[in-house]
Amino acid sequence: MITVMKRLLYLPLAALLLMIFLGSPAVTASAAEETAYAVAAQPDVWFYASEDESSALFLLPYTYYVKVIRRGEEFSYVEYLTDEPPYKKISGYCRTDKLVFVDKDE
């Protein structure tokens, strides 16, 4: 009877440790995805309000970087600038084929 109770006591502890160790790689992978950047490596990279070329807002300055939130086939959802005075971060779209994607460590 005591042996059965010991086993039942260790079972929740083992399950908790397993969840902790198996959950760690997912956190690391999502953090890496959030730090993707792309550069406007040509002078004709437009920033769009939506995934439509008729919604063009302005040309990104040549060699400026954007933070990539979601990379798409035709358009990528990006953030330009930061929320630090005097700037205001804006979110929008750029054509994926016009951006050069880079590693955060480069």
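Refer to the structure printed above.
With that settled, consider the overall build of the protein. Helix and strand counts for the protein stand at 1 helix and 7 strands. Classification of the 106 residues of the protein by burial places 22% in the buried group. Within the protein, contacts between residues at least 6 apart in sequence are counted, and of these 43% link residues at least 24 apart. Total accessible area computed for the protein in this model is approximately 8000 Å², and 61% of it derives from carbon and sulfur atoms.

Once that is clear, we can look at the nonpolar core. Counting residues in hydrophobic clusters, the biggest one holds 11 residues: Ala 38, Ala 40, Val 45, Phe 47, Leu 60, Val 66, Val 68, Val 78, Tyr 80, Cys 94 and Leu 99. When contributions to this core are tallied by element, the ones reaching two or more residues are β4 (65-70) and β5 (75-80).

Moving on, we come to the environment of Asp 44. Relative to the assigned elements, Asp 44 resides in the loop between β1 (37-39) and β2 (46-48). Judged by relative accessible area, which is 35%, Asp 44 ranks as partly exposed. Distance in space between the C-alpha atoms of Asp 44 and Pro 61 is 8.8 Å, their sequence separation being 17 residues. With residues up to four places along the chain from it excluded, the contact list for Asp 44 reads Leu 59 and Lys 98.

The next thing to look at is the pattern of salt bridges. Here the structure, examined in full by the defined rule, presents 5 salt bridges. Put simply, Lys 98 and Asp 44 hold a salt bridge, and the shortest N to O gap is 2.9 Å. Separated by 54 residues along the polypeptide, Lys 98 in the loop between β6 (90-95) and β7 (100-102) and Asp 44 in the loop between β1 and β2 bring together distant segments of the chain. On the basis of relative accessibility, which here comes to 25%, the residue Lys 98 falls in the partly exposed class. Arg 95 is the partner of Glu 74 in a salt bridge, and the nearest nitrogen-oxygen pair spans 3.3 Å. In this pair, Glu 74 sits in the loop between β4 and β5 while Arg 95 sits in strand β6, placing the two residues 21 residues apart along the sequence. A cluster of three or more residues bridged by salt bridges with shared partners is formed by Glu 53, Glu 74, Arg 95 and Asp 97.

Cut-offs applied
Residues numbered from 1 in each chain as written. Predicted model: local features only at pLDDT ≥ 70, side-chain atom pairs only at ≥ 80, totals over all residues. Heavy atoms only, no water. Helix = DSSP H or I, 4+ residues; strand = E, 2+ residues; numbered from the N terminus. Buried < 20%, exposed > 50% of the residue type's maximum accessible area, 1.4 Å probe, protein only. Contact = heavy atoms within 4.5 Å. Areas by Shrake-Rupley, 256 points an atom, 1.4 Å probe, with all protein chains shown as cover. Core = buried A, V, L, I, M, F, W, Y, C linked by side-chain atoms within 4.5 Å. Salt bridge = Lys/Arg side-chain N within 4 Å of Asp/Glu carboxyl O.

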